[in-house]
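# Analysis of the macromolecular model
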Amino acid sequence: MPIEIPAEWKQKIESKYPGIEIRSRVLRLELGLEANKIEPELWKGVTLACLYLTHPAELMSNVRFIQLTSAGVDRWIHHERYKSPDVAISTASGIHCPQIAEWVMSTWIMRNHNLLRHIESQKEGHWSTVRAETRDSAGMRIGILGYGSVGRQCARLATAMGMEVYAFTRTPYTSDKAAKSDHYSVPGMGDPQGQLPAKWFHGESRDAVNEFLRQELDLLVLCLPLTKATEYLLGAEQFDILAQGKKRTFVSNVARGNLICTEALIDALHQGKIWGAAVDVTDPEPLPESHPLFSAPNVVITPHVSWQSVNNWDRMLDILETNLDRLDKGEELINVPDRKLGY
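First, a word on what this report is: a plain description of the structure on this page. Since this is a predicted model, take the numbers as computed values, not measurements.

Looking now at the packing of aromatic side chains. Under the defined criterion, the tally for this structure stands at five aromatic pairs. Taken together, the ring pairs connect Tyr166, Phe168, Phe201 and Phe212 into an aromatic cluster. Here the basic side chain of arginine 135 rests over the ring of tryptophan 275, its NZ or CZ set 4.0 Å away from the ring centre. Between the NZ or CZ atom of arginine 339 and the centre of the ring of tyrosine 82, over which it lies, the distance is 5.7 Å.

Below, the structure is given as C-alpha cells:
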C-alpha cells in the first residue's frame, strides 16, 4: 500500500488474532515498477497479502488470500495465484465510488455551464460578455453502463440533481434481491438496493448496448470492467447511434481507456456527434505528447486521477478487516470477483 499501516490498526488486528504477524512495505507507483519489488525475505511465510501490483508467483507460493487494493482484477487474471482455486481473492470495489462519481458530475457541470471558457477569460484578465448555451440537469437522463458501486453513486448524485436514471448491466436485474449490491459500500452512499433506475437494460451483445444508446441519453457514463467482451465497446457505430438521437450526449469514461476507440471519439467530437466528453482514462495511457485527443473540441482529460482521495486507505483497511473477520469465522468474503468473467 502507498501508506504506512496505522499503528493503532496494526495493534487492533494483532490483538484480535493472537499469533498473526503483520509485515508492511510502502509501495509508491510514481517511483516506477522496479521500485515496487518486495524483498524475497519479506515474503517468507506470508499467507495473506494486500496488494495492487502482481509479484512473482514463486514468492507467493504460501499465499492463500489476496486482498487487492484495486477495484479491477485485470492486472492479475494471468497470475498463477489468481488462477488457483485454493487462493481466495477480494477486490477494493466500493472505496472509490464517492470521489469518482463527484468527478463525473463535476466535469458534466463544467461542460453544461461553460466553466472552462470562463476560467480562460479569468486567466486572460477580462470580463467575458460571451453568452453560450447553458444547461441544467433537471429533467435530463443519465445512462450508466455498468451498475456497480461507482455507477450507483453516479445514480444517487444524478437523482439529487433531478435526472432520470437508466442502467445497463450484463445480466438482468429485478425488483427483488438481484438488484442489491453485495459489494463494500461507503455508508450512506450509492444505491445498495437498486432502487434508483427508472429503467433497466441488460445483455452481452453489442446489439444490446446499441439499443441502450438509442434511449435519448443526455449523459452516458462508462463505469464497467474491461474484459474481452467490453474492449472497444464504443466505436464509430456507437457514436453514430448517439448522433442519430434528438439529444446530444455527453460521454464520460472513468473505467478503462480501452472501452472506447480513441479515433472514433476524436471524430465524434470534431463532427459534433456528441455534446462533449470527459475522460479520466485513455487509450493509449498515458496519452503521448501532442496526441490529437488533447486538441479535440469539448473534451476534458485528466490523467487517471478520479479515484484519488485521502479517504481511500481507511476504506481499504475496512474491507481488509471485514475479510479477516470472515476468514476467521469461515464465512464468505465480500468483494469476491468472478474469475471467469474477469471482474
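Read from one edge of the open sheet, three strands run β1-β2-β3, paired in parallel fashion. The strands lining the two open edges of the sheet, one partner per strand, are β1 (48–51) and β3 (88–90). The average undirected angle you get between the axes of adjacent strands in this sheet is 15 degrees. Sheet topology places strand β2 (residues 65–68) next to β3; three bridges connect them, and they run parallel. Directly across from glutamine 67, in β3, lies its bridge partner serine 90. Taken strand by strand, helix α10 (residues 312–329) contacts β1, β2 and β3, and its axis lies near 160 degrees from that of β2.

Here we come to the pattern of salt bridges. Going through the model one piece at a time under the given rule, you end up with 14 salt bridges. Two residues, glutamate 21 and arginine 23, come together in a salt bridge whose shortest N-O distance is 3.0 Å. For glutamate 21, a relative accessible area of 56% corresponds to the exposed category. The partner of aspartate 218 in a salt bridge is lysine 247, with the nearest N and O atoms 3.1 Å apart. Highlighted residues: aspartate 218 in the loop between α7 (206–213) and β7 (219–222) and lysine 247 in the loop between α8 (236–244) and β8 (250–253), separated in sequence by 29 residues. Relative accessible area serves as the criterion here: at 4%, aspartate 218 is assigned to the buried category. Linked through salt bridges whose partners overlap, the residues forming this network are Lys12, Lys16, Glu321 and Asp325.

Conventions used here
- Residues numbered from 1 in each chain as written.
- Predicted model: local features only at pLDDT ≥ 70, side-chain atom pairs only at ≥ 80, totals over all residues.
- Heavy atoms only, no water.
- Phe/Tyr/Trp six-rings, centres within 6.5 Å; stacked < 30°, edge-to-face > 60°.
- Lys NZ or Arg CZ within 6 Å of the ring centre and 35° of its normal.
- Pairing = 2+ DSSP bridges.
- Helix = DSSP H or I, 4+ residues; strand = E, 2+ residues; numbered from the N terminus.
- Axes fitted to C-alpha atoms, helices over the stretch in contact; angles between N-to-C directions.
- Contact = heavy atoms within 4.5 Å.
- Salt bridge = Lys/Arg side-chain N within 4 Å of Asp/Glu carboxyl O.
- Buried < 20%, exposed > 50% of the residue type's maximum accessible area, 1.4 Å probe, protein only.

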